[in-house]
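Below are the chains, spelled out letter by letter.
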Amino acid sequence: MRATLLAAFFLSGFAALTWEMSWVRQLVSLFGVTWFAITTILTVFMAGLALGSVLAGRLVDRRRWPPLLLFAVLELFLAAYGLAFGSLLDAVEGLYLSLSLDQGFQVHALLRFVFGALLLLPPTLASGATLPAAAKAFVGPDIGGGVARLYGANVAGAAAGCFATTFLLIGLLGYPGTAVVGASANGLAAVLALGVWRARPSTSEEPSSVVWTPQRSAVAAVYLVVGFCALSAEVLWSRAFSQFGVNSATSVFGLVLVSFLVGHGLGSAAISSSSLRRGRGLFVGLQVGFAGLTALSVLALLHRPSTLVPVGWLRDLGLLLPGERAWLLIPAVMLPAACSGALFPLASGLSIGGPSAVGRGVGSLAALSTVGGIAGSALTGFLLMPALGTVHCLVLVAMLSLLGALGSAWALDLWAPRRVLLAGLGVLVLGGGLAAAVPTSAHLLLFPGEEVLLFVEGRNSSTAVTRSPLHGTTLLVHGERIKSGGSSPRVAFAFHPSARSLAIIGLGSGSMAQEALGIEELERVTAIDIDGDLPTALPWMRDMERFVGPRWEFVEDDGRHFLLTSDRRFDILLNDAAIYAWYLELSTLEFNQLARSRLNEEGLYLGRLHLDRITEEAFRREVATFIAVFPNAAMWGLSDHLGLLVGRNGEQPVDRADVAARLWYDADGLALLAEGQELITDDHPLHAPHTFKPLEHAVLEFAVDGELPGARPSKPGQRQAIPGRPY
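Residues numbered from 1 in each chain as written. Predicted model: local features only at pLDDT ≥ 70, side-chain atom pairs only at ≥ 80, totals over all residues. Heavy atoms only, no water.

Novice: Tell me about unusual backbone geometry, residues and numbers included.
Specialist: For D413, which is not glycine, the phi dihedral falls at a positive 60 degrees. Tracing the backbone through its elements, the reader meets D413 in the loop between α14 (390–411) and α15 (417–437). When its relative accessible area of 68% is taken as the criterion, D413 is described as exposed. Even without a glycine there, the phi angle at E602 is positive, about 65 degrees. Note that E602 resides in strand β9 (residues 599–610). (Helix = DSSP H or I, 4+ residues; strand = E, 2+ residues; numbered from the N terminus. Buried < 20%, exposed > 50% of the residue type's maximum accessible area, 1.4 Å probe, protein only.)

See the structure below:
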């Protein structure tokens, strides 16, 4: 029976992370991909988990519900809610957009919180309640050992669910298919729990409450700090790893979260009854281990990789991470997570008085850890990271964990107050020295001899300007090297010489904005980018004379969210982020329809495609999705690897003009190219491993050898042309 229960708890964890990764990705399409939007979603999500843990813990300890029956009912509710989530999101989308129309940041932030709570609190309350219910049914007199096995199984399922959803399910099945998988896992967990409940004889015990002795109170307080440090480190390493190559932000977050969950589960499962006899010392030692591993990983960033070839198995998942950086997942994420995972059963053994108080005790500890995590992710994202930078925030987290360990040593009567005070002063000195030794830009991948001229860590990404003897002055946005090139605004203006307004999604190095401002007929040039610090880099890259005056406007927002919450219309809308490495939602059918709705009559929509980065499958599907909205489109070549899809909100052709570009495909050619291709939609987005080229060369390359799909090979026999008519 216990093996059956562990299987049920594994499935529950699998479903929980399936829902989390799926729901967060669907919500950012509506709320925006900015850090504020994502943090708001995660805060509401974790708040529901914390509240559900506390309420269920009290409920099962008072014997008002049999714990396994409650667990099964919660799982069935989650299955039903998950299947209905897409419809619920569609139902509230119109109301959210109507209230958000032309509002400022404060109103948007409030509406995100309200609508996020409306959609996420019901399922997260239920999900948070499953752990104390499961603990009440599974844990016996050996509280620490029972919690270790239960929590280990649950977190193992969560790691499997996170990996499957991020790298397989959403790309292969879309969100509706992923929902069926998640609901099936919930349903099977409920069936297993009900089977054990029906077969197990009923027992009776006196209701009990948790008596908070000084030791238990100290453990609970410290566990709040543990949650703060663990979630802060997870957020910070996600930011750091996303700058180690050209990668999808959701894929990097998924990889870091999987590594964290694997370590967390292994750490919990490693706690045995014998280790609990050394509970107090081990509780302090694991916190020291977390801090030490985090600090050593920060120091490892000082080493510049000598080779930057992507790791093969990660490349197969759609991630381009160099080997000498990818190995940091073990000491920076997995091993510290193992320390924090082992602390949960230890804290349970040290703070829960007996089996009759297991539900409330486990629920309270889970809630404290979650509240600490909420504080950690929110403070780190909103305040600390923009103020201190990712690297120095990691130093701060390591030092805070050390201070928490010293507090534990004092509260558990392991060290005298005087000794704790002296050690605390030493920790502060150590932290200051480490912060001084490691620059804030240490996580950037740089060429030999490349120096950093400017580095700004913003709320949504980082901005850096570097200079090297080989490549000169270069802009790095979120670790990615931004290439200039292609006269997109002038090409667009040649097709629409009466245009008076132009908007660019993705400011980049400012080359397109500068070119557009050089067209005197344009009365307004607007650039939309989530990186609000990009304008600070413009003086390093551009002549700022054109960026002064009423014609120039910069908007800090996610491009999709800006168009959704504004009724402004443009003569030309230029998307420089189509099939971009970190935001695939700008390539869907729904986004193309939104873009067309924001064009004036005969307005142009242009999507720039960096063909050296994407696979032929992704290129064909992007074309099919584009011409589904703009059937008379054409594709022009700006350079060997940069294509421009041009569509018009009208009937005039876009395959004939006197422009500084080469026509690659007219409307008939694009139709042949897209034949039989599945459209990219919000419900069925691009699958990352099928989107970006599995490059064998180093991550840091400005250009790669490749051919335009369908174009004539530059060497005889190099590539067979695909259907279409390249010009």
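Novice: Please set out the side chain of N186 residue by residue, giving values where relevant.
Specialist: Within the secondary structure layout, N186 lies in helix α5 (residues 143–199). By relative accessible area, which is 1% here, N186 ends up buried. Engagement of the side chain of N186 in a polar contact is seen with the side chain of E75, the distance being 2.6 Å. Leave out the neighbours within four places in its chain, and N186 touches A15, W19, E75, L78 and A79. (Polar contact = N/O pair within 3.5 Å; in protein donor to acceptor, adjacent residues only side chain to side chain. Contact = heavy atoms within 4.5 Å.)

Novice: How would you summarise helix α4 (residues 105–138) if you had to cite specific residues and measurements?
Specialist: Relative to the 50 Å expected for 34 residues at 1.5 Å per residue, α4 spans 47 Å between its end C-alpha atoms, a close match to the ideal helical length. The sharpest bend along α4 measures roughly 45 degrees and falls at L120, with the proline P122 sitting one to four residues further on. (Expected span 1.5 Å × (residues − 1). Bend = angle between axes of the 7 residues up to and from the residue.)

Novice: An account of the nonpolar core is needed here, citing residue identities and associated values.
Specialist: Generally speaking, nonpolar side chains in soluble globular proteins are found buried as a group. Core analysis: the largest hydrophobic core is formed by 170 residues, its most contacted members being W237, F241, L261, F283, F619, M635 and L670. In terms of residue count, the dominant contributor to this core is α5 (19 residues). Filtering out sequence-adjacent residues up to four positions away, M635 remains in contact with L609, L611, F619, G643, L644, L645, R662, L663, W664, Y665 and L670. Counting 40 residues, the second-largest nonpolar core is a separate cluster that includes F495, L538, L574 and V659. (Core = buried A, V, L, I, M, F, W, Y, C linked by side-chain atoms within 4.5 Å.)

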